[in-house]
Amino acid sequence: MKTTIIGYPRIGNLRELKFASEKYFRGEIKVSELEEAAKTIRLYNLKLQKNSGVDIIPSNDFSFYDGVLDTAFLLNAVPERYTALGLSKLDTYFAAARGYQGEKGDVKALAMKKWYNTNYHYMVPEIDDATEIKLVGTKLFDLFSEALENGVKTKPVIIGAYTFLKLARYKGTKTAADFIAQTADAYSAILAKFGELGAEWVQFDEPSLVKDMTADDIKLFNELYNKILPNKGSVKVIAQTYFGDVRDCYNSLCNLDFDGIGLDFIEGKKSLELVKNSGFPKDKTLFAGVVNGKNIWRNNYANTLLIVSELKKFASDIVLNTSCSLLHVPCTLANETKLEESYKKHFAYAEEKLTELAEIKKILGSDSPAETAEYRNNSALHSEPRSGRNEAVRKRLAELCEKDFTRLPEFAEREKIQKERFALPLFPTTTIGSFPQTAEVKSTRNAHRKGEISDSDYESFIEKKIADCVALQEEIGLDVLVHGEFERNDMVEYFGECLDGYIFTEKAWVQSYGTRCVKPPVVWGDISRAKPMTVRWSVYAQSLTKKPMKGMLTGPVTILNWSFPREDISLKESALQIALAIREEVLDLEANGISIIQVDEAALREKLPLRKSDWKEDYLDWAIPAFRFVHSGVKPETQIHTHMCYSEFADIIKDIDDMDADVITFEASRSDLTILDVLKENNFRTEVGPGVYDIHSPRVPSKEEIKAAIGKMKERIPAEKLWVNPDCGLKTRGNAETVPSLTNLVNAAKEARNENC
Ligand code: GLN
Ligand code: ZN
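Anyway, here's the lowdown on the structure attached to this text. This one's a predicted model, so the numbers in the text were calculated from it and none came from an experiment.

**Description of the overall build of the chain**
Piece 1. Helix and strand counts for the chain stand at 28 helices and 23 strands.
Piece 2. Scaling as 2.2 N^0.38, a compact globule of 757 residues should have a C-alpha radius of gyration of about 27 Å, and the chain matches this with 27 Å.
Piece 3. In terms of its C-alpha atoms, the chain occupies a principal-axis envelope of roughly 75 × 60 × 55 Å.
Piece 4. In the chain, buried positions account for 58% of the 757 residues.

Rendered as structure tokens:
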């Protein structure tokens, strides 16, 4: 049995590519130095995989920014506004990735979108009626040759024709079906060229096949490959799927002339069933994704062996594979110098996953697999009781019943009580929580972290910032104030650090987009709240003003979605544990005189399953109750707010209303407030603050502009349900634009108020 992987992280063990690219962007290094840094990473990865015993090593998984963008450049699908700048090839590419502002012109970047159900983001290719899809790039051939020169015949990986056409945005009247012939020709040319270069396997990544497919989608997929595969010559072609199962097109996949089919046995909940029920074609190789490419835990060899032994009954040729590209996990444990061995031995980053593949291969090749040292060590590891069990938390959650998820009295009655209590004006104004995190705030926090500043000095510093922030909001005339979140580095990491059950890594960076990486905290044990996390800051802030001060928390679903989750308990259980901790904080805030509490669920939509049919059962059925559990214990006169960072929630609008918050604020300005119609049609009950301006840009919105937005809002939503606020937190903004923006916002709300009387 052979082994392979779908792709390897390209940022470098210590994010070398990020630092080199950013230097290049700032003009500090030459293009040749950037190219050199990239090559060093590629050759390092190649050697590492070779030494780890990977049999079929991928190439072209390297990218200077994003693999989908690479494919657009490969296939000539580059909007003219970028090529017209007259820049070098690489700079044209970066212009499409990041936008360009300079002497040659001023263009925005291509749109960026979440890559399936991951936290990675890809650049959305644009295709218009004039686009001519054809093979124009050479990077994939160059990288194949580079590896060959270094002694490895690799498996080039390319986004497949179907997925590429599905991901593209069509600007004109033509649609994907109009590009079948051109696209098939381009992919045929790719295969022909690889035939000449002597490639054995070529991997076409087709993750779009795991999404719900319509009859037209299946037709598109078949037509493309019926045209491409007859031209494959001596090259063997893999249809590589990941992030789920291929229940809608399994038969097509089996019937088409692919030489290999890659299936995901980690996230594909029906993958095994498909193989068992429909069999697997005798003449094809099964690339079996059995090592999790998304999480950081050691593989459980006993489980893996079970899957493989099932598969062996149906497939005669199996290659052991990761479930998806290793892009989604950090590079190597070698740099985790501070993590205790008792934790570390349970971890496998990309490099360690290579070893796992080799070990599984070795075990499978042995006459008595269960006797091998590798197997025995692995079983011992997995049978160790997990530290960090919290019986009190377990017991509390086991006793939950319907009433824990139901806040009483019901919404309308609470709304009345709260209107009386707060006596806020019409169109109350507020912000989403954070105020500008200036260099001073960041450096003081870092200094405190390093122990250069004492706790008490740090705390006085934060109090001073809060006092200034409250005074500023009073002066501007906002109605519901915030403390500004100066004590937080990040809305998830901050809570992770306060909660028991979380652990933190040092260098576990994962690419989020381009040169941006994130370092998600790890859920290790049962989550519990050892002590209040935010109460002292909120209480201090409230003591400075007579206006209501919003308590500010992150919700359980968002905290979980931005962490590496446990695999030994369900996501639902983890979410409820976090919810219990946040609930305790909510009750503590309430007991300490905080009358309005915002629980952010910025990332609620992010982990919505790829298939609509899985939405409820696999996600919403626990995510929404977890949120309800957070606030079901508060008094009717306490007002619960939530905030979401996107406006595309038309399809889950009922579920959002079911979170039963009293007020929700969300991003709406960039989508031109189109969500308002959806709210209206669905009789949305929760009070709403659709963001009236975009905080992602330094632009200051005028009072008139904001008034126009309020006007639009009021046409569709009853005025007494409306709030006026920016569309997200202000932490990435500067004071220079924040003060005039909020001043205009308050004045616009005042005028709208007066006109309404
Ligand atoms: N309260 C958070 C803030 O203002 C919300 C951040 C977010 O929505 N991503 O920063
Ligand atoms: Zn937001």
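**What about the site of ligand 1?**
Piece 1. Close to ligand 1 lie 13 residues, the nearest being Ser 434, Glu 485, Asp 600, His 643 and Cys 645.
Piece 2. Interatomic distance of 2.8 Å between a side-chain N/O atom of Glu 485 and a nitrogen atom of ligand 1.
Piece 3. For ligand 1, whose unbound accessible area comes to 300 Å², protein coverage reaches 93%.
Piece 4. The residue makeup of the shell around ligand 1, split by class, is 6 nonpolar, 4 polar and 3 charged.

**Looking at the coordination of the zinc ion (ligand 2)**
Piece 1. With distances of 2.1 to 2.2 Å, the protein atoms coordinating the zinc ion (ligand 2) are His 643 (NE2), Cys 645 (SG) and Cys 728 (SG).
Piece 2. Each of the 4 donor atoms bound to the zinc ion (ligand 2) contributes to angles spanning 80 to 124 degrees, and the resulting shape is irregular.
Piece 3. In the primary sequence, the donor residues of the zinc ion (ligand 2) line up as H-x1-C-x82-C. Separated by 85 residues along the polypeptide, His 643 in strand E21 (residues 639–644) and Cys 728 in the loop between helix H27 (703–716) and helix H28 (735–756) bring together distant segments of the chain.
Piece 4. For His 643, a relative accessible area of 2% puts it in the buried group.

**Here's the deal with the pattern of salt bridges**
Piece 1. Evaluation of the coordinates by the stated rule reveals 60 salt bridges.
Piece 2. Across the salt bridge formed by Glu 310 and Lys 276, the nearest N and O atoms sit 3.3 Å from each other. With Glu 310 in helix H12 (residues 301–312) and Lys 276 in helix H11 (residues 271–278), this residue pair connects regions lying 34 residues apart in the sequence.
Piece 3. For Lys 276, a relative accessible area of 38% gives the class partly exposed.
Piece 4. Each of Asp 212, Asp 245, Arg 247, Asp 248, Lys 269, Arg 611, Asp 614 and Asp 618 takes part in a single network of salt bridges with overlapping partners.

**With respect to the nonpolar core**
Piece 1. The biggest cluster of nonpolar side chains holds 101 residues, and the ones touching the most others in it are Ile 582 and Leu 604.
Piece 2. Ranked by residues supplied to this core, first place goes to helix H24 (residues 615–631) with 10 residues.
Piece 3. Not counting residues up to four positions away in its chain, the partners in contact with Ile 582 are Phe 495, Met 533, Leu 553, Thr 554, Ile 559, Val 599 and Val 630.

**Comments concerning the pairing of strand E8 (residues 155–159)**
Piece 1. With 5 of its 5 residues buried, E8 lies for the most part within the structure.
Piece 2. With burial as the criterion, each face of E8 is covered, one bearing Lys 155, Val 157 and Ile 159 and the other bearing Pro 156 and Ile 158.
Piece 3. With 3 bridges joining them, E8 and strand E10 (residues 201–205) adopt parallel strand pairing. Each residue of the ladder has a partner; that of Ile 159, found in E10, is Asp 205.

**Some remarks on the pairing of strand E18 (residues 522–529)**
Along any regular strand the residues' side chains alternate between the sheet's two faces.
Piece 1. The buried fraction of E18 amounts to 8 of the 8 residues, a majority that puts the element mostly inside the structure.
Piece 2. As judged from the 4 bridges shared by strand E15 (residues 499–503) and E18, these two strands associate in the antiparallel manner. Across the sheet, residue Leu 499 finds its bridge partner in E18, namely Arg 529.

**With respect to the packing of aromatic side chains**
Piece 1. As enumerated under the stated definition, the model contains 32 aromatic pairs in all.
Piece 2. Ring centres 6.5 Å apart and planes at 85 degrees place the aromatic pair Trp 115 and Tyr 120 in the edge-to-face group.
Piece 3. We classify Trp 115 as buried; its relative accessible area is 5%.
Piece 4. Since its relative accessible area comes to 3%, Tyr 120 is described here as buried.
Piece 5. Summarising the aromatic geometry, the rings of Trp 297 and Phe 347 are spaced 5.3 Å apart at their centres and angled 80 degrees between planes, so their arrangement reads as edge-to-face. With Trp 297 in the loop between strand E13 (285–291) and H12 and Phe 347 in the loop between helix H13 (341–344) and helix H14 (350–365), this pair connects stretches of sequence that are 50 residues apart.
Piece 6. Positioned above the aromatic ring of Phe 25 is the side chain of Arg 98, whose terminal nitrogen or guanidinium carbon lies 3.6 Å from the ring centre.

**Brief notes about the side chain of Asp 660**
Piece 1. Looking at the secondary structure, you find Asp 660 in the loop between helix H25 (653–657) and strand E22 (663–666).
Piece 2. At a separation of 3.0 Å, a polar atom in the side chain of Asp 660 contacts the side chain of Arg 685.
Piece 3. When sequence neighbours within four positions are dropped, the list of residues in contact with Asp 660 reads Arg 407, Phe 411, Arg 414, Arg 628, His 631 and Arg 685.

**Remarks on the sheet that holds strand E14 (residues 318–322)**
Piece 1. Pairing is parallel across the open sheet formed by 8 strands, whose spatial order is E1-E14-E13-E12-E11-E10-E8-E2. Across the chains shown, the open sheet's two edge strands, defined by having one partner strand only, are strand E1 (2–3) and strand E2 (58–59).
Piece 2. Two strands pair when backbone bridges link them, and E1 and E14 are joined in this way by 2 bridges, in the parallel orientation. Each residue of the ladder has a partner; that of Lys 2, found in E14, is Val 319.
Piece 3. Together, E1, E13 and E14 form the strand contacts of H14, whose direction differs from that of E14 by roughly 155 degrees.

**Section: the sheet that holds strand E23 (residues 687–690)**
Piece 1. Here 5 strands make up an open sheet; going across it, the order is E19-E20-E21-E22-E23 and the pairing parallel. Unpaired on one side and paired on the other, strand E19 (550–554) and E23 mark the two borders of the sheet. Taking the axes of each pair of neighbouring strands and ignoring which way they run, one obtains an average angle of 20 degrees across the sheet.
Piece 2. Sheet topology places E19 next to strand E20 (residues 596–600); 5 bridges connect them, and they run parallel. Bridge pairing links Gly 551 to Ile 597 in E20.

So, how was this worked out
- Residues numbered from 1 in each chain as written.
- Chains lettered and ligands numbered in written order.
- Predicted model: local features only at pLDDT ≥ 70, side-chain atom pairs only at ≥ 80, totals over all residues.
- Heavy atoms only, no water.
- Helix = DSSP H or I, 4+ residues; strand = E, 2+ residues; numbered from the N terminus.
- Rg over C-alpha atoms; globule rule 2.2 N^0.38 Å.
- Buried < 20%, exposed > 50% of the residue type's maximum accessible area, 1.4 Å probe, protein only.
- Near = heavy atom within 4 Å.
- Polar contact = N/O pair within 3.5 Å; in protein donor to acceptor, adjacent residues only side chain to side chain.
- Areas by Shrake-Rupley, 256 points an atom, 1.4 Å probe, with all protein chains shown as cover.
- Nonpolar A, V, L, I, M, F, W, Y, C, P; charged D, E, K, R; others polar.
- Donors = N, O, S within 2.8 Å, 3.2 Å for Na, K, Ca; no water.
- Tetrahedral: all angles 85-135°; square planar, octahedral: opposite > 155°, others 65-115°.
- Salt bridge = Lys/Arg side-chain N within 4 Å of Asp/Glu carboxyl O.
- Core = buried A, V, L, I, M, F, W, Y, C linked by side-chain atoms within 4.5 Å.
- Contact = heavy atoms within 4.5 Å.
- Pairing = 2+ DSSP bridges.
- Phe/Tyr/Trp six-rings, centres within 6.5 Å; stacked < 30°, edge-to-face > 60°.
- Lys NZ or Arg CZ within 6 Å of the ring centre and 35° of its normal.
- Axes fitted to C-alpha atoms, helices over the stretch in contact; angles between N-to-C directions.

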